[in-house]
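A structural walkthrough
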Amino acid sequence: EAKSSGRGQIRYFNNAMRKKLKRQADIENDLQHGIKNQEFELYYQPIFSLNDPKVVSFEALVRWHHPSNGLVPPSEFIPVAEQTGQIMELDLHLLRLAAKQLYAWHCQGMRTRITVNVSSRHFASLDFVKYIHQLYDDYDLTAGALSLEITESGLIENLNLATKIIKGLEPLGVRLYLDDFGTGYSALGYLHQLPIHVLKIDKSFVDQLTNRSNPLVDAILSLARSLELDVVAEGIENPKQWALLKRKGCQYGQGYLVSKPLAKDDAYRFYHDYQHEDLMV
Ligand code: C2E
Ligand code: MG
Ligand code: MG
Ligand code: MG
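Residues numbered from 1 in each chain as written. Chains lettered and ligands numbered in written order. Predicted model: local features only at pLDDT ≥ 70, side-chain atom pairs only at ≥ 80, totals over all residues. Heavy atoms only, no water.

F123, L146 and L148 are the most contacted members of the largest nonpolar core, which totals 80 residues. With nine residues, helix α3 (residues 87-107) is the largest single contributor of residues to this core. Beyond its immediate sequence surroundings of up to four residues, F123 is in contact with V118, F128, L148, I150, I156, L161, A162, I165, I166 and L176. Counting residues in hydrophobic clusters, the runner-up holds five residues, among them I47, V56, Y177 and V232. (Core = buried A, V, L, I, M, F, W, Y, C linked by side-chain atoms within 4.5 Å. Buried < 20%, exposed > 50% of the residue type's maximum accessible area, 1.4 Å probe, protein only. Helix = DSSP H or I, 4+ residues; strand = E, 2+ residues; numbered from the N terminus. Contact = heavy atoms within 4.5 Å.)

Right, dumping it as structure tokens:
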């Protein structure tokens, strides 16, 4: 009796494993085609100042129009792309899409900024600096128009090289945002050594800000002040969170309360309906 149910569990486990491996192999194959076939689209979520309030930038978030599976969210394929290394090619493709969008918007009189999420793996070769310089050139980007987000969990191995890369991007006005801050395991020394510019407080901390403040949020804000970093709070869903963050001195925010990530035309409309900061002034 016990034996047979044990065997059943093994069979169940094997099936689940097989399904998972098959799904990963499928994603790996489909990713390759997807890049070639232009199946990826960037959505744009406004980042706004909490004081004024006005839109200061947009974060680009990828969506995959899969030919048979419909719209696939990044959580389903970014981790696989990280594992297979395809993230390198995908990120470069998406960076180019974002640069093209900035150019298109600029031609329409909308001069804003975009931040793009990239894997920390790019911070291991100076080729990345060349690539970004080329994008600024190809799409005639204004200084600071395109910036980067990396997550705290993607550990950077060579801090000296990473620093060189970040410094190599500074003449373009590229700023480095440390995403999901507070959820990773990086030591504070790491923060101090990398020349990053902005901390993004992870949504999980903002979620806890309902009726009272959170000592971790206070600590992050005070750390940012001493290191002279800007702070963006992500995942603001209600006015109480906004008010609390503003009172604590957090300058910027992002979240469904103001807007979900939007397709490019909706982002264009949103920008004009809302107060905004013009990159040229
Ligand atoms: P992230 O960079 O931390 O992005 C924030 C995520 O939170 C986005 O999910 C966004 O849609 C969602 N979000 C924003 N505000 C709210 C809110 O108020 N409430 C709730 N419930 N959610 C909110 P998304 O678009 O599914 O992206 C998930 C993650 O996938 C991103 O986390 C980022 O790490 C990664 N990612 C997205 N696009 C790219 C990309 O182009 N390249 C790379 N390498 N990673 C990407
Ligand atoms: Mg991000
Ligand atoms: Mg984030
Ligand atoms: Mg996050």
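Now, onward.
This part is about the environment of V217. Within the secondary structure, V217 sits in helix α8 (residues 215-227). On the basis of relative accessibility, which here comes to 2%, the residue V217 falls in the buried class. Through-space distance from the C-alpha of V217 to that of L176 is 20 Å; in sequence the pair is 41 residues apart. Discounting chain neighbours no more than four positions away, the residues touching V217 are I201, F205, L209 and L245.

Turning to the site of ligand 1, a few remarks are in order. Around ligand 1 lies a shell of 22 residues, among which E59, R63, D179, E237 and Y256 are the nearest. The side chain of D179 places a nitrogen or oxygen atom 2.8 Å from an oxygen atom of ligand 1. Y256 is positioned such that a nitrogen or oxygen atom in its backbone is 2.8 Å from an oxygen atom of ligand 1. Expressed as a share of its isolated accessible area of 800 Å², the protein-covered part of ligand 1 is 81%. If you map ligand 1 onto the pockets, it falls in the largest pocket. (Near = heavy atom within 4 Å. Polar contact = N/O pair within 3.5 Å; in protein donor to acceptor, adjacent residues only side chain to side chain. Areas by Shrake-Rupley, 256 points an atom, 1.4 Å probe, with all protein chains shown as cover. 1 Å grid on protein atoms, 1.4 Å probe; cavity = no way out; pocket = protein on both sides within 12 Å on 5 of 7 lines; lining within 4 Å. Sits in = over half its atoms within 2 Å of the grid points.)

Relative to the helices and strands, N214 resides in the loop between α7 (203-207) and α8. In terms of polar contacts, N214 uses its side chain to reach the side chain of Q208, at 2.6 Å. Discounting residues that sit within four places of it in the chain, N214 has contacts with F205, Q208 and L209.

Of all 13 residues in strand β2 (residues 54-66), eleven are buried; the element is thus mostly enclosed. Pairing of strand β1 (residues 40-49) with β2, which is carried by ten bridges, proceeds in the antiparallel orientation. Across the sheet, the residue bridging to S49 is K54, located in β2. Hairpin geometry of β1 and β2 is characterised by an intervening segment of four residues between the two adjacent antiparallel strands. Two elements, β2 and strand β4 (residues 114-117), share three bridges in a ladder whose sense is parallel. Within β4, the position partnered with F58 by the bridge is I114. Both β2 and strand β3 (residues 70-72) contribute to a ladder of three bridges, which runs antiparallel. Pairing of W64 across the sheet is with V72, part of β3. Between β2 and β3, which pair antiparallel one after the other, the connecting turn spans three residues. (Pairing = 2+ DSSP bridges.)

The residue after D52, namely P53, is reached through a cis peptide bond having omega -15 degrees. For P53, the position within the fold is in the loop between β1 and β2. Of note in this structure, D180 is not a glycine but carries a positive phi near 55 degrees. Looking at where D180 falls in the secondary structure, it is placed in strand β6 (residues 176-181). A positive phi is found at E228, a non-glycine position, where the angle reads about 55 degrees. Position of E228 relative to the elements: it lies in the loop between α8 and β8 (230-233).

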